[in-house]
Amino acid sequence: MDGTVLQQTSDTDAQREAVIRVRNLTNQFGSQVVHQNLNLDVWRGEVLGIVGGSGTGKSVLLRTIVGLNKPAAGSIEVLGVDVLNGPEQERRRIEKRWGVAFQDGALFSSLTVLQNVMAPLREHTGLSEKLMQALGSLKISLVGLPQLSCEKFPSELSGGMRKRAALARALALDPEIVFLDEPTAGLDPIGAAAYDELIGELQHALGLTVFMVTHDLDSLYAICNRVAVLAEKRVLVEGRIEEMTKVDHPWVQEYFTGPRARAAQEKGHDR
Amino acid sequence: MIHSDSDADGVCLRISGEMLTQSLDTVEQAFHAVQPQGGNITFDLSKVEALDTGGAWLIADLARRSRKLGAEIRFEGLSPAQSALLGTVAENIPDEPGTEVQPRSFVDWVAAVGERTAGAWKDTLSMLGFLGLTLHRLARTIVMPWRLRQAALVSQMEEVGLKAIPIVALMGFLIGVVLAFQGATQLKQFGAEIFVVELISISVLRELGILLTAIIVAGRSGSAFTASIGSMKVQEEIDAMRTLGLDPIEVLVIPRVVALLIMLPILGFVADMAALIGGGLMSWIDLDISPGMFVTRLKEGTGIWHFAIGMIKAPFFAVVIGVIACWQAMQVKGSAQSVGQRTTASVVQSIFMVIALDALFSIFFATLEI
């Protein structure tokens, strides 16, 4: 591994199960190299926060793992299946075991919120209409949306509500891994804190593994078990957030010891 | 799976196997077979291999329905994680689950017809308002020509005009060929082959050339206008312009309408010429009318007015296409779907209006006897 691994806690690799294993990943758009020999492990049951400056390829990494972007080189294993070169059938099966919530929701605009949440159920299960509706409204209630919003169309929702609805859709099939792209960007602090709390709660209750691209220091301190910093085309460091202040790298120092980070840290300790 | 055992203490529901959303269809049937009842009910979950929110919902829902009938519920054999999950799900079961939009009744349908009729009237007024606004800005641009966005105008002229020349020329050429060919077979019967020249020149110059060009431009550029301005509307770019003190009409609409005003007559002229060439060629091949004879006959038999009438119509068509396309774009609301709907509406409406206007011109010129 070329990234510095800081975490030397009692967990050993043998006890932890890597649900996502990225090895030597290289992503390139034209002549611009975004990732080079990037390595990353995501352990079962953790909330991993991916941080990095603008243009360091955080979203590209997420998109590559879920198969929306074909990398130039490297291998990606999700739940033991090679998602890049594995057999088509197995990859399809894996897709039912993860959920993705995109930055601006990416809800289907021609469907109501409930229909959006029911869409994966309809596609992948043989449940009765009644049960699908019940599970759909359960998920909508779980993410803290009022039942009134079931019949609304995405264009009638606020940005924060769209993000919650997107999370409900990502959770529809009870996935093991949830990918979140900037889940709290553009939310007010109260909404963002509530969303953090929601993800934390769901993660505990449903035993989720959460892969979260974020810029929100509050989220990092509040719910992330581990943080991976993308810089210099690779995972520069990964480890617990408390340890990040000790890393000797200008960007990491500035990010984790700046005034905003200190405020977020204090808030995180209060919880 | 679920098995129900009754003993002296009450009912024991033994739940076993995988209770996962993806494989819940068989379990669901079994759960529906269990009647909720009062008395003591024990849920034994010790044999449950896997549980997620879907499975937890089935259990929690059955428990809830039983409780309503006065049952005492106990859970056994739950792991702490399962217990937490069951608790979270039970807390979040909505009292009245949301429903999908119901199919509409007859009354709703009638109401929708009424709404659409009223909407059509409002739309007409709004479009006329937009036409007025555009003409006002156009007039202002003539008085203050430096306000015209030249870069935008030139790029629109290229997009609308230059790039449309091949398709318009090909269309004109083929129309000429078809007219000559069809005309020849009919006129031969009367020995009046030579009149094929008038047939082609009058029908093309006066009507077909400009009409078909306008239809192609409406489909090609009208749709592009609506789609591009419409997606700007979705991205709030139009609102951003307003807050910066830029007038969207002046910045977006005027360059497009002016580009059409300049280019549509040119495209019409290209179509006219291509049709005459195509017609002349076909007459030569099919009827032995030499190009020289064709041109002489054209000069003698076809008045310049036929050509002028075609050209006079061009700017009117240009304004109709431009204004409808931009007005439709301004009506885009919210979603990407709306952009698609408005683009379709824009093309259909502008083609219809072009044809309707052409009919009006026919009557007008007939009354003037030219």
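Scroll up a little and you will see the structure.
All of these numbers come straight from a predicted model, not from anything done at the bench.

Draft legend 1. Geometry of the overall build of chain B. Looking only at helices and strands, chain B has twelve helices and four strands in total. Across the 370 residues in chain B, those meeting the buried criterion constitute 44%. Long-range contacts, defined here as pairs at least 24 residues apart, represent 82% of the contacts in chain B between residues at least 6 apart. Element-wise, carbon and sulfur atoms account for 65% of the exposed surface of chain B, whose accessible area totals about 19000 Å².

Draft legend 2. Spotlight on the overall build of chain A. Along its length, chain A carries nine helices and eleven strands. A buried classification covers 54% of the 271 residues belonging to chain A. At a minimum sequence separation of 6, the contacts of chain A that also span at least 24 residues come to 65%. Working note: accessible area of chain A is about 11800 Å², and carbon and sulfur atoms make up 48% of it.

Draft legend 3. Layout of the interface of chain B and chain A. At the junction of the two partners, chain B supplies 26 residues and chain A supplies 32 residues. At the surface where chain B touches chain A, the tally comes to zero salt bridges. There are five residue pairs in polar contact (both at pLDDT 80 or more) connecting chain B and chain A. Those elements giving two or more residues to the side of chain B that touches chain A turn out to be α1 (24-33), α2 (53-68) and α3 (80-92) of chain B. Top contributing element to the side of chain B that touches chain A by residue count: α3 of chain B, with five residues. Each residue belonging to the side of chain B that touches chain A can be placed in one class, and the counts come to ten nonpolar, eleven polar and five charged.

Draft legend 4. Looking closely at the environment of Asn69 of chain A. Residues and elements named next belong to chain A. Considering the arrangement of structural elements, one finds Asn69 in the loop between α1 (58-65) and β5 (73-78). In sequence terms Asn69 and Leu84 are 15 residues apart; their C-alpha atoms lie 9.9 Å from each other. Setting aside its immediate chain neighbours within four residues, Asn69 contacts Asn27, Phe29, Val60, Arg63 and Thr64. There is a polar contact of 3.1 Å between the side chain of Asn69 and the side chain of Asn27. Within the local environment of Asn69, its side chain forms a polar contact with the side chain of Thr64, the two groups lying 3.1 Å apart.

Draft legend 5. Region of the structure containing unusual backbone geometry. Residues and elements named next belong to chain A. Phi is positive for Asn24, close to 50°, though the residue is something other than glycine. Relative to the assigned elements, Asn24 resides in strand β2 (residues 18-29). Residue classification places Asn24 among the partly exposed positions, given a relative accessible area of 41%. At Lys233, a position not held by glycine, the phi torsion is positive, near 65°. The residue Lys233 is located in the loop between β10 (226-231) and β11 (234-239) in this model.

Draft legend 6. Representation of the pattern of salt bridges. Inspection of every chain in the model, using the stated rule, returns 26 salt bridges over all chains. In this structure, the salt-bridge partner of Arg226 of chain A is Glu46 of chain A, at a minimum N-O distance of 2.7 Å. Of this pair, Arg226 of chain A sits in strand β10 while Glu46 of chain A sits in the loop between β3 (32-43) and β4 (47-52), placing them 180 residues apart in sequence. Here Arg140 of chain B and Glu250 of chain B are joined by a salt bridge, their closest N and O atoms 2.7 Å apart. Taken together, the residues Arg140 of chain B in helix α4 (residues 106-143) and Glu250 of chain B in helix α9 (residues 248-287) connect sequence positions 110 residues apart.

Draft legend 7. Seen up close, the packing of aromatic side chains. Tallying each qualifying case throughout the model produces ten aromatic pairs over all chains. Each ring, one from Phe269 of chain B and one from Phe307 of chain B, has its centre 6.0 Å from the other, and the planes form 75°; the classification is edge-to-face. Placement of the pair is Phe269 of chain B in helix α9 and Phe307 of chain B in helix α11 (residues 304-330), with a sequence separation of 38 residues. Taking the relative accessible area as the measure of exposure, Phe269 of chain B reaches 39% and is therefore partly exposed. Here Phe361 of chain B and Phe365 of chain B contribute two aromatic rings whose centre-to-centre distance is 5.8 Å and whose plane-to-plane angle is 15°, an arrangement assigned as stacked. Pair noted here: Phe361 of chain B and Phe365 of chain B are both in helix α12 (residues 336-368), with a separation of four residues, about one helical turn. Classification of Phe361 of chain B by relative accessible area gives buried; the value is 11%. In this structure, Arg169 of chain A is placed above the aromatic ring of Phe108 of chain A, and the distance from its NZ or CZ to the ring centre is 4.4 Å. Taking the ring centre of Phe225 of chain B as reference, the NZ or CZ of Arg256 of chain B above it sits at 5.5 Å.

Draft legend 8. Seen up close, the pairing of strand β8 (residues 177-181) of chain A. Residue and element names in this part refer to chain A. For β8, a buried count of five out of five residues is recorded, marking the element as mostly surrounded by other parts of the structure. In β8, alternate side chains face the same way, and those of Ile177, Phe179 and Asp181 on one face and Val178 and Leu180 on the other are all buried. Pairing geometry for strand β7 (residues 98-101) and β8, over four bridges, is parallel. By the bridge assignment for β8, Trp98 is matched with Ile177. Where β8 lies against strand β9 (residues 209-213), five bridges are found, and the strand directions are parallel.

Draft legend 9. Structural detail: the sheet that holds β3 of chain A. Residues and elements named next belong to chain A. Ordered in space as β3-β2-β5-β6, the four strands form an open sheet in which the pairing is antiparallel. A strand with exactly one partner marks an edge of an open sheet, and here the two such strands are β3 and β6 (81-82). Sheet strands touched by α1: β2, β3 and β5. Its angle to β2, the strand with the most contacts, is close to 120°.

Draft legend 10. Quick look at the environment of Val339 of chain B. All names here are of chain B. Following the sequence through the fold, Val339 ends up in helix α12. Given the relative accessible area of 12%, Val339 is considered buried. Sequence separation of Val339 and Val234 is 105 residues, and the distance between their C-alpha atoms is 8.2 Å. The residues touching Val339, leaving out its near neighbours within four places in the chain, are Ala227, Gly230, Ser231, Val234 and Val332.

Draft legend 11. The sheet that holds strand β3 (residues 39-51) of chain B, seen in detail. Residue and element names in this part refer to chain B. Spatially, four strands are ordered β1-β2-β3-β4 in an open sheet, and the strand pairing comes out mixed. Two strands close off the open sheet at either side, each with one partner strand: β1 (2-7) and β4 (71-76). Within the sheet, the average angular offset between the axes of one strand and its neighbour, ignoring direction, is 20°. Note that strand β2 (residues 10-19) and β3 share eight bridges and pair parallel. Note on β3: the bridge partner recorded for Met19 is Leu51.

Reading the values: the criteria
- Residues numbered from 1 in each chain as written.
- Chains lettered and ligands numbered in written order.
- Predicted model: local features only at pLDDT ≥ 70, side-chain atom pairs only at ≥ 80, totals over all residues.
- Heavy atoms only, no water.
- Helix = DSSP H or I, 4+ residues; strand = E, 2+ residues; numbered from the N terminus.
- Buried < 20%, exposed > 50% of the residue type's maximum accessible area, 1.4 Å probe, protein only.
- Contact = heavy atoms within 4.5 Å.
- Areas by Shrake-Rupley, 256 points an atom, 1.4 Å probe, with all protein chains shown as cover.
- Salt bridge = Lys/Arg side-chain N within 4 Å of Asp/Glu carboxyl O.
- Polar contact = N/O pair within 3.5 Å; in protein donor to acceptor, adjacent residues only side chain to side chain.
- Nonpolar A, V, L, I, M, F, W, Y, C, P; charged D, E, K, R; others polar.
- Phe/Tyr/Trp six-rings, centres within 6.5 Å; stacked < 30°, edge-to-face > 60°.
- Lys NZ or Arg CZ within 6 Å of the ring centre and 35° of its normal.
- Pairing = 2+ DSSP bridges.
- Axes fitted to C-alpha atoms, helices over the stretch in contact; angles between N-to-C directions.

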